[in-house]
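Close look at the chain arrangement
Residue-level listing of the chains:
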Amino acid sequence: MAAQNGLGKDRLIWMYTQMCRIREFEERVKRTFVEHPGTIRGHAHLGDGAEASIVGALATRRENDLVMPSYRCHGYPIVLGTPARALMAEIYQRKDGICKGFGGSMHLADPAHHFPTASGIIGQGIAHAAGAAYAAQVKKTGQVVYSFFGDGSSKQGAFHETLNLAAVWKLPVVFVLENNGYQAYTHVALEDANAMAGDPLSQKAKAFSIPGETVDGTDVLKVYEVVGRAAERARAGHGPSLVESKFYRFTPHGNAITVPPVPTQFQEHESIEVYGNKAEFEAAKKNDPIAKFRAVLVGNGTFTEAEAKRIEDGVRQEMEEVVRFALASPLPAPEDALNYVWA
Amino acid sequence: MAAQNGLGKDRLIWMYTQMCRIREFEERVKRTFVEHPGTIRGHAHLGDGAEASIVGALATRRENDLVMPSYRCHGYPIVLGTPARALMAEIYQRKDGICKGFGGSMHLADPAHHFPTASGIIGQGIAHAAGAAYAAQVKKTGQVVYSFFGDGSSKQGAFHETLNLAAVWKLPVVFVLENNGYQAYTHVALEDANAMAGDPLSQKAKAFSIPGETVDGTDVLKVYEVVGRAAERARAGHGPSLVESKFYRFTPHGNAITVPPVPTQFQEHESIEVYGNKAEFEAAKKNDPIAKFRAVLVGNGTFTEAEAKRIEDGVRQEMEEVVRFALASPLPAPEDALNYVWA
Amino acid sequence: MPREMMFAEAIAVAITEEMQRDPNVVFYGQNMAMTDRDPFVKKFGKDRVRITPISETAELGIAIGAAMSGLRPVVELYMSEFMLVAFDEVVNEAPRLRYMSGGQVQVPVVFKAGFGFAAGWAGQHSNCIYGMMMGVPGLKVALPSNAADALGLMKSAIRDNNPVIYLHHYMLMLDKSPVPDGDYLVPFGVADVKRAGTDVTIVATAWMVKKSLLAAEMLAREGISAEVVDPRTVAPLDVKTIVESVKKTGRLVLVDQAPRQSSAAVVIAGEIAEQGFKYLKAPVKMVTALDTSVPYSEPMESFVLPSEQKIVDAVKSVLAVHVAAV
Amino acid sequence: MPREMMFAEAIAVAITEEMQRDPNVVFYGQNMAMTDRDPFVKKFGKDRVRITPISETAELGIAIGAAMSGLRPVVELYMSEFMLVAFDEVVNEAPRLRYMSGGQVQVPVVFKAGFGFAAGWAGQHSNCIYGMMMGVPGLKVALPSNAADALGLMKSAIRDNNPVIYLHHYMLMLDKSPVPDGDYLVPFGVADVKRAGTDVTIVATAWMVKKSLLAAEMLAREGISAEVVDPRTVAPLDVKTIVESVKKTGRLVLVDQAPRQSSAAVVIAGEIAEQGFKYLKAPVKMVTALDTSVPYSEPMESFVLPSEQKIVDAVKSVLAVHVAAV
Ligand SMILES: Cc1ncc(C[n+]2csc(CCOP(=O)(O)OP(=O)(O)O)c2C)c(N)n1
Ligand SMILES: Cc1ncc(C[n+]2csc(CCOP(=O)(O)OP(=O)(O)O)c2C)c(N)n1
Ligand SMILES: [Mg+2]
Ligand SMILES: [Mg+2]
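Positions within a chain are numbered from 1, following the residues in the order the chain's sequence is written. For naming, the first written chain is A and the first written ligand is 1, with later ones following in the order written. In keeping with the model being predicted, local features are shown solely for residues with a pLDDT of at least 70 and side-chain atom pairs are shown and tallied solely at 80 or more, while totals for entire chains, interfaces and linings include all residues. Side-chain numbers here rest on the full set of heavy atoms in the structure, without hydrogens or water.

What about the overall build of chain A?
Our working definition: Secondary structure elements follow DSSP: runs of H or I of four or more residues count as helices, runs of E of two or more count as strands, with numbering from the N terminus. What the globule rule says is 2.2 Å times the number of residues to the power 0.38, and the radius of gyration is computed from C-alpha atoms. Exposure categories follow from relative accessible area, calculated using a 1.4 Å probe and restricted to protein chains: below 20% of the type maximum is buried, above 50% is exposed, and the middle band is partly exposed. By definition, residues are in contact when any of their heavy atoms lie within 4.5 Å.
Looking only at helices and strands, chain A features 12 helices and seven strands. Over its C-alpha atoms chain A spans a radius of gyration of 19 Å, differing by no more than 12% from the 20 Å that the globule rule assigns to 343 residues. Counting only C-alpha atoms and orienting by the principal axes, one finds that chain A spans roughly 55 × 50 × 40 Å. In chain A, which comprises 343 residues, the share counted as buried stands at 64%. Counting only contacts in chain A whose residues sit at least 6 apart along the sequence, the fraction spanning at least 24 positions is 73%.

Printed below as a string of C-alpha cells:
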C-alpha cells in the first residue's frame, strides 16, 4: 500500500495498536469498578473516544519532546512507553504504581518517559507545559512540548495568560484543545461564547495572534497532519499554535461521586443521563475513531482483517496481564506517606 | 453651528468642560507632591491624556448606568458628579474624603453617583463590573455598566474569564480597554501578543465572538460614537462589546515608589526615563485630546476663544478651591479605623 | 418535632427557603442548573439560577459586583481548592471593598464549597484550607458538622451582609441527623457544646466533630468524661466558650483535619495560650493531619489523618500530666 | 570584614551571585528587564532574564513547569498580594507535584515578593499573607529582617530544591546593615536570637524585628532584659529555639504585623501552648495588627499596626503576672 501522510506501514500499525491499547486499558479501568469495587478510589476520568486525537498528536513527537496532559491522563503515557501495568497499579493504589500510590488516576506522571506531571486543577497544567517549553528554549534542547487540555479548561484564566505569554516568548509548545463536547456535565454550548455563536473554539487563537486550527479529532491521520504542522512551527522557533481537536467522550466525565462506603461506578453518558439526548450519543458511537481507522487500514491493505484481530487479541491479553499484575501488587505501607514531601 | 453626532452645543461644551476638569484636577494632584510633600501617601495614578476617552465614553451614559474603572480612577467620578473636593480630600487622607480616608487614590468610590468601587488588583474590577451588569439584568433595571481597564489588565485571567461569561450571559456591559501604550513601565509591544504582531487589541473580542472595535481615544467625538454603539447594543440585550480606546498617558505610571520619609514625586514619563524615546512622548503631547477638541469647537463655532478661556478659568478656580478645601479638611481620628470592617 | 435530614439535603433546603424568602438571592455555579428539569431552575427560573463555565475568578468577581448592586449571590464552587485560582476575590476583594469605600458598599456573598474529601482524591482535592481564611477582617467562615448546623448556618450566611465562606465536609454529606422545625437559624460566632464533659475539652470542627464524639464515647467507657466543643464558625471564632470549657476541665485537645500549622486548631491553641492559660492544668495537645499532602492510596491516607484512636491517645496524654508535674 | 549593605541591594547581590554560580537560575517578572540597559539583562542575557505581562498564574505556572525541567526560576512578583490571583500555583501546585508524583519530580522555584508596605497603600497592597502559606507541606517561607539574612536566605532559597516564598518587607528596603563577606548562606528553619535577654522572650519577624529591638532598648532603660528571637523562616518554623528562650525567660510576647488570627504569631503561640507550656510563667501576649483591613490615612494606619510602645506595654503586662497569680 501507499504510505499515508508519509507514515509507513509499521508506523500506521503502531498507531492503530496504541489506539487499541488506550481503549482496552480504559475498558479495564471501567470494569474494575464493577469487578473489584473499592479498588479504585477518588475520581477516575477515561480517554475512550480520544484515541485518534491522542495518538495522532503523539505520533508527531520527536524523541525527548514532552507531553503534559490534564487530569484525564491515562492515554498519553500508554503511548509514550510507560508500562501499562505501572499505570494500572497506580490507579489501583499500589506500591508498584508509577507514582507509588501517591497520585492516582488524576495525577499520573512519568518523567522518564517525557510525561512530567498532570495537575488536577483546571488550566494550571497549561502553564506548566509552557514552563517546560521555556526550559527547552533556554537550554536549547530542541524539544517541543505538547499541552493537552479540555474545552472547558479553555475558560480558565490560566489558558488566556499562558497562550499570550507563550506567543510573546515564542515558546516551542503546541496547545491541543481537546473539545469532547462537554465540561463534566456541561455541554460546551452552555459555557463557551464561541460555541454558543457557532464559531470554532480555535478562534480563541486570534486573541494571541497565533495560528488556530480545528481538526476532526476522530481522524487520526488528520490530527497527525494538523498537529504535525503546529509542532514543526514550534520546532522552527516560530512559537505556539492552538489546535482544536474535536471528538466525543464515550464514557461519562468520571465515576459517580459519592461518600464511601457507598460503591461508585460509571453511569450513563451525560448526553443521556442529563440531557436525554440519546441520538447525540448514538451518532458519536457510530463515528468510533478506532473502527474508522481500522476500516481505512484494512481498506488500503495496511493490514488484513486477520492481522487486525491479532493486534486486538494481543492488546486484550496485555491488559489482562496488566490488571492481574496491578491486583497482585501490594498496597504501600502507611508510613510511606511520610516520603517525598521535601526534595 | 451644526450639532456634532447629535450632540447639541450645551452638551459639547459640557464635554469640553469635563475634560478640562479632569486635566486640572490631575495637575493639582501632581503639584501637591511638590507643594505639600507627604499629603498624598502610597501610589497615585493620573488620568491626564485619557480625558477624551473618559468623557467620550461617559457622555453616552443614560441616567443610572454604572461605571467601574480601575485604580486609575480619578477622572470618572469627576464626570459623574462626585464633588471634586471630596475626591481630593480622599487623596489627601482627609475625613471629608469620599471614602473618609479609608481608600485613597486607588480606591475611590461613590455609589451615590453610580461609581460602586475600584479595585487595586489588576483585572478583578472587570469581573465586578460584569457582576453589576448581572444584577441589572436580573433586576431588569435597564442599566448598562461601563467597565474601564488598561491594556496591561487585558493579560490577566480575569479579563478572559469575565468576557466569556458576559458574552454567554449576554450581560449589559461595555468593556473599554484603555490602551495608553504602557503597563506601568512596560511598553505594550513587550507583553501583548496582538501588539507584538501589529494587530489591534480589540481583536481579543474574537475569543468571545463579540464585537471588537478600536477607536482613537484622543478624539472625544469618535469615542462617543463607538462606545455609544456598544452601549446601545448592551441596552438592547445583545450583550457585551469590547472597545479598544487608544490614547497616551502624559504622566508616568504613578509617583515614584519609595520608603517614607524619603519624599516621593512624579518622575519623567517612562518613554524617556526608561526607553529614552523622547520623540514618542513629544508626538503624543502634540496630539493632546483637549487641545484637539478645543480647536474643533472653536473651529465650528461652538464657542469662541473667549468663551473657552472663561471655561478654563472657571475650572482652574474650581480646582483651586478643591485643593484649599482638601488641605483644610481634618485627618480622621485614629480609632475611626475600627469602623466599616463589618456590615 | 424535629425533622430527620441528610446533611446535603439540609443545605439545599436552606438555600431553597432563603430564595423563596428573598428574591435578591441568586444561586449559580459549575455543573448545576444544566437543564430546565433542575429543581432550582424549576422553582426560581434561569435568571436567578445559572450554570457557569470553569471560571472561578469571574464567578466570584461577578458575585461580588452583583452583591454591591443589591443581589445576594450564593456561588456553588464544589471543592474548596477551586477557590484558590481566584483567591484574591475571596480574601482581598470581598472582605476589603466595604472598608476601602469607607462603608459605602456591602458585599453579601456566600461562597459554598465542599472540602476534606478523604476518599482517594489525593493531593489537590482533599485539603482543608479554612485556616487561610481566618483572621481576614471582613470575612466569615462557617464549618457545619451536622444537618441542623448545615441548615441554620447557610440561612444565616445568606442573610449576612458580609462575605461568608460556607464549607461543607464531603464525608458528612450523606449523614442523617435531626433538624429543628421552622425557620431555623444558627448564629455566627457561637460555639456549640456537642457533648458535655468534665475531664477534658476537645475542640473540633466538621468531620472531626464526628470523630471526636466517637472518641468521647470510647473514653466514656473508660470513665473519662470529655466535653466536645464545635466552634461552628472559625471566623468569627468563639474563643469565650472554649475558655469557659477549659476553665471547667483544665485540659484541652484540639482536633483538626488540616496539617498542624495551617489548622484552625493551632490558632485556637494560640488564643488559649493567651486567654485561657491560667485555667490550663496541662499543655494543650493538637491532633492534626501529619505534615504531608494527602496521598491517594488508602493506607497512607488514613495514616496521615486524625483518627478516633489518635484523639483518645491525645486525651489520655493530657490527662496524664498533673499540675504538680508542670 | 563585613560589608555594609542596603537590604534591597543584598537581595540583588544574592540573585546575581547565584545566577553567576548556576546557569540554570533564571529571573523574570513584571516591569523588570525592560531594556538591554537593565543590569541583569546585561550580565545574563534575555534568555535568563525576562519581562512578563500581568499574568501571575502564567508566570508562576511557567516557573513550576520550567523547574520540573531543570531550571531554577526566581519570579519577581513585587507585592505579595499579587500571588493571590494565582494562589493555586503557590499552595496547591508547587508544593504538591513532587508528592503526587511519588518523588519523581522536584520544583525548585523562588517566588519573591515585597509585603507590609505601611505607607498609605491601603487595603489591598499592605498585607501580610505569610500566615496563609504556613503549614503547607512542601512549601517554605522566608522573612528576612536585615541585609545579612536577606542575602543569606535568598541564596539558600535559590539552592533549595523545594518551592520557596521569599518575602521582603518594603519598610526595610533602604535600611543598611552589615553583611558577612564571601558566599554567605543562612539556613532555613534556624531562628536567630537578634538580642539576648533574660526577663522576656519577644518573637518577631521582618519589620517587627526592627520595632521589637527598639522596644527592647526602651525596656532596657527601665532595667528589663528582653530577648528578641527572629524565626527568619516561618516554614519551616524553628519552634525549638523559641522554646529554649522561653525556658530561660518564662515569658513570651509575639509581635506580628498581620491581624491576630492570620498571623505567624498565633501559630507560634499555639506551638508554645503545646511544647513550651511547662516553661511559661505567664500567659503569652500577642501584639498584632488590629482586626481591620489597612486603612489609607496615616493616623488610622498607625493606629491599627503594632508599635514599639504597644510592644513595651505587652512586655510589661506579661511581667506583671506572677506564677503565684496563675
Ligand atoms: C479550577 C477548577 N475548577 C473546577 C474543577 C472541577 N473539574 C474537574 S474536571 C472538570 C471538567 C473539565 O472539562 P474539560 O476541560 O472539557 O476537560 P474534559 O474533562 O472534558 O477532558 C471540572 C470542572 C477543577 N478541577 N479545577
Ligand atoms: C494582579 C496584579 N498584578 C500586578 C499589579 C501591579 N500593577 C498595578 S498597576 C499595573 C499596570 C497596569 O497597566 P494597565 O492595565 O495598562 O493600566 P494603566 O496603569 O496603564 O492605566 C500593575 C502591573 C496589580 N495591581 N495587580
Ligand atoms: Mg471537555
Ligand atoms: Mg496601560
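Further notes follow.
So, the packing of aromatic side chains
Residues and elements named next belong to chain B. For clarity, the threshold we go by: The rule is short: rings of Phe, Tyr and Trp, with Trp giving its six-membered ring, pair when the centres are within 6.5 Å, and they are stacked under 30 degrees, edge-to-face over 60, tilted in between. A ring is scored as having a charge over it whenever the NZ atom of a lysine or the CZ atom of an arginine sits within 6 Å of its centre and within 35 degrees of its normal.
Tallied over the full model, the rule gives 42 aromatic pairs over all chains. Between Y16 and F303, the aromatic rings sit 5.2 Å apart at their centres with planes inclined by 75 degrees, giving edge-to-face as the arrangement. One end of the pair, Y16, is in helix 1 (residues 9-35); the other, F303, is in the loop between helix 11 (289-299) and helix 12 (305-328), and 287 residues separate them in sequence. Look at Y16 and you get buried, because its relative accessible area is 1%. The exposure class assigned to F303 is buried, which follows from its relative accessible area of 2%. The side chain of R11 reaches across the aromatic face of W14, ending 4.2 Å from its centre.

Details of the interface of chain C and chain A
Spelled out, the test is: Two parts placed together each lose some accessible area under a 1.4 Å probe, and the buried area is that loss summed for both. The term salt bridge refers to a pairing of a side-chain nitrogen on Lys or Arg with a carboxyl oxygen on Asp or Glu at a separation within 4 Å. Pairing of N or O atoms within 3.5 Å defines a polar contact, subject to two protein rules: one partner must be a possible hydrogen donor and the other a possible acceptor, and residues neighboring in sequence count only if both atoms are side-chain atoms. In this count, Pro and Cys sit with the nonpolar residues alongside Ala, Val, Leu, Ile, Met, Phe, Trp and Tyr, while Asp, Glu, Lys and Arg are called charged and the others, Gly among them, polar.
The interface is formed by 37 residues belonging to chain C together with 47 residues belonging to chain A. Of all residues in chain C, the largest losses of buried area upon contact with chain A belong to I54, Y296 and M300 of chain C, amounting jointly to 23% of the total for that side. Counting the contacts that link chain C with chain A gives one salt bridge. Note that R41 of chain A and E301 of chain C form a salt bridge whose closest N and O atoms lie 2.7 Å from each other. The interface formed by chain C and chain A holds 18 residue pairs in polar contact (both at pLDDT 80 or more) in total. Elements with a minimum of two residues in the side of chain C that touches chain A: strand 3 (49-52), helix 6 (122-125) and helix 11 (298-304) of chain C. For the side of chain C that touches chain A, the leading source of residues is helix 11 of chain C, giving six residues. By residue class, the composition of the side of chain C that touches chain A is 22 nonpolar, 10 polar and five charged.

Considerations on the coordination of the magnesium ion (ligand 3)
Six octahedral donors around a metal ideally make angles of 90 or 180 degrees; four tetrahedral donors ideally make 109.5 degrees. Residues and elements named next belong to chain A. Short version of the rule: Sodium, potassium and calcium take a 3.2 Å donor cutoff, other metals 2.8 Å, and in both cases only N, O and S atoms count; water is not among them, so sites may look incomplete.
Looking at the magnesium ion (ligand 3), the protein donor atoms are D151 (OD), N180 (OD1) and Y182 (O), and they sit 2.0 to 2.1 Å from it. For the magnesium ion (ligand 3), the donor residues sit on a single chain with the sequence spacing D-x28-N-x1-Y. Given the relative accessible area of 8%, N180 is considered buried.

Notes on the relation of the copies chain D and chain C
Formally: Fitting of the copies onto one another was done by least squares over C-alpha atoms, counting residues only where both copies have pLDDT of at least 70.
For the pair chain D and chain C, the superposition axis carries a translation of 0.0 Å, the fit reaches an RMSD of 0.0 Å, and the rotation angle comes to 180 degrees. This pairing of chains is accounted for by a two-fold axis. When C-alpha distances to the rotation axis are compared across chain D, the minimum falls at G270 of chain D, with a value of 1.9 Å. A share of 100% of the interface residues of chain D reappears at the interface of chain C, consistent with the copies meeting face to face through the same patch.

Observations regarding the sheet that holds strand 12 (residues 233-235) of chain D
All names here are of chain D. This is how the line gets drawn: Pairing between strands is defined by DSSP: at least two bridges between them are needed. Lines fitted to the C-alpha atoms define the axes, with helices restricted to the stretch that makes contact. Angles between their N-to-C directions range from 0 to 180 degrees.
Ordered in space as 3-2-4-5-7-6-12, the seven strands form an open sheet in which the pairing is mixed. The open sheet has two free edges, formed respectively by strand 3 (49-52) and strand 12, since each of these has just one partner strand. Adjacent strand axes in the sheet meet at a mean angle of 20 degrees, parallel and antiparallel pairs treated alike. Bridging between strand 6 (residues 140-142) and strand 12 involves two bridges; their strand directions are antiparallel. Across the sheet, A142 pairs through a bridge with T233, a residue of strand 12. Docked against the sheet, helix 6 (residues 147-159) engages strand 2 (25-30), strand 4 (72-79), strand 5 (110-115), strand 6, strand 7 (164-169) and strand 12, running at close to 160 degrees with respect to strand 7.

Some remarks on the side chain of T39 of chain A
Tracing the chain through its elements places T39 of chain A in the loop between helix 1 (9-35) and helix 2 (51-58). Relative accessible area serves as the criterion here: at 10%, T39 of chain A is assigned to the buried category. At a separation of 2.7 Å, a polar atom in the side chain of T39 of chain A contacts the main-chain carbonyl oxygen of H36 of chain A. Non-local contacts of T39 of chain A, meaning those with residues more than four positions away in its chain, are made with T32, I91, Y92, Q93, R94 and L327 of chain A together with Y296 of chain C.

Here's the deal with the pattern of salt bridges
In total, this model carries 92 salt bridges over all chains according to the counting rule given. A salt bridge links K155 of chain B to E191 of chain B; the nearest nitrogen and oxygen atoms lie 3.3 Å apart. Separated by 36 residues along the polypeptide, K155 of chain B in the loop between strand 2 (145-150) and helix 6 (157-168) and E191 of chain B in the loop between strand 5 (186-187) and helix 7 (193-196) bring together distant segments of the chain. With a relative accessible area of 0%, E191 of chain B lands in the buried category. A network of salt bridges, in which partner residues are shared, links E17, E18, R21, K155, R159 and D183 of chain C.

Looking at the coordination of the magnesium ion (ligand 4)
Residue and element names in this part refer to chain B. Here the magnesium ion (ligand 4) is held by D151 (OD), N180 (OD1) and Y182 (O), and the distances to it run 2.1 Å. The motif formed by the donor residues of the magnesium ion (ligand 4), counted along the single chain, is D-x28-N-x1-Y. With D151 in the loop between strand 2 and helix 6 and Y182 in strand 4 (residues 182-183), the pair connects residues that are 31 residues apart, well separated along the chain. Judged by relative accessible area, Y182 falls into the buried class, the value being 4%.

Remarks on the interface of chain D and chain C
The interface of chain D with chain C comprises 51 residues on the first partner and 51 residues on the second. Summed over both partners, the interface of chain D with chain C buries about 4400 Å², with 58% contributed by carbon and sulfur atoms. Across the salt bridge formed by R260 of chain D and E271 of chain C, the nearest N and O atoms sit 2.5 Å from each other. Here chain D and chain C share 26 residue pairs in polar contact (both at pLDDT 80 or more) between them. Only helix 4 (87-93), helix 5 (97-100), helix 9 (264-275) and strand 14 (285-289) of chain D provide two or more residues apiece to the side of chain D that touches chain C. Considering every element that reaches the side of chain D that touches chain C, the biggest residue donor is helix 9 of chain D, with eight residues. Of the residues in the side of chain D that touches chain C, the class split is 29 nonpolar, 11 polar and 11 charged.

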